[in-house]
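# Tertiary structure, described
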Amino acid sequence: MKNSALKFLFVFAFLTVLPLHAQVKDSEKNKTAISERVSETLDSWHLAAADTEFETYFGLMTNDAIFIGTDATENWTAEEFKKFAKPYFDSGKAWNFTSIQRNIYVHQNSKIAWFDELLDTQMGICRGSGVVAKEDGKWKIHHYVLSIAVPNENVDELTSLKVQFDKNLISELKNK
């Protein structure tokens, strides 16, 4: 009786754990593949700006995307950002950001991912972060935040440079 119970437990464990292991392995493969697609989307988006390809650049964003720039007043819908960016693209000189480090995190539903990246830019090192969503079978930027990376030892100096701007904007926003 003991041997048959042990055999049953062994067979049961083998038949339940092995498929579970395969699912986890497939899930990790899927996340890796998604991360690669998301990274390709982000690289293509940055390249489209460098090459001033307006339609390609904005085609890689969702219609309801949000772009938050480095200035505290830059919180744009896709349409607002298009209006801002169009003159730069039309002049043949937009911006040139190259990712030098990127982390991508995939939601369990495999339709949403978020990321952070360090960028080599004309402003020095910046950080980009955001959310991408799968839309019509393609990964698109849904929300993007661009920040200038400031070394901690320079924060006091930077803070003193923007003190008046911050006071004015805080006052304006509080009085709305």
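Below, the structure is looked at part by part. Just so we're clear, the structure is a prediction, and the values are computed from it rather than from any experiment.

Cut-offs and rules
- Residues numbered from 1 in each chain as written.
- Predicted model: local features only at pLDDT ≥ 70, side-chain atom pairs only at ≥ 80, totals over all residues.
- Heavy atoms only, no water.
- Salt bridge = Lys/Arg side-chain N within 4 Å of Asp/Glu carboxyl O.
- Helix = DSSP H or I, 4+ residues; strand = E, 2+ residues; numbered from the N terminus.
- Buried < 20%, exposed > 50% of the residue type's maximum accessible area, 1.4 Å probe, protein only.
- Contact = heavy atoms within 4.5 Å.
- Polar contact = N/O pair within 3.5 Å; in protein donor to acceptor, adjacent residues only side chain to side chain.

Within the structure shown, the criterion is met by 9 salt bridges. Residue R102 is joined to E117 by a salt bridge in which the shortest nitrogen-to-oxygen separation is 2.7 Å. A residue pair is termed long-range when its members are at least 10 positions apart, and R102 in strand β3 (residues 98-106) and E117 in strand β4 (residues 112-121) qualify at 15 residues. In terms of burial, R102 and E117 fall into one category: buried. R127 is the partner of D116 in a salt bridge, and the nearest nitrogen-oxygen pair spans 3.9 Å. With D116 in strand β4 and R127 in strand β5 (residues 124-135), the pair connects residues that are 11 residues apart, well separated along the chain. By sharing partners, the salt bridges in this structure join E36, R37 and E40 into a single network.

So, about the environment of Y144. Mapped onto the fold, Y144 is located in strand β6 (residues 138-148). Sequence separation between Y144 and V131 is 13 residues, and the spatial gap between their C-alpha atoms is 6.6 Å. In this structure, Y144 is in contact with W45, H46, I66, F67, I68, F115, E117, L119, G128, S129 and G130, ignoring residues within four places of it in sequence. Here the side chain of Y144 touches E117 through a polar contact of 2.9 Å, side chain to side chain.

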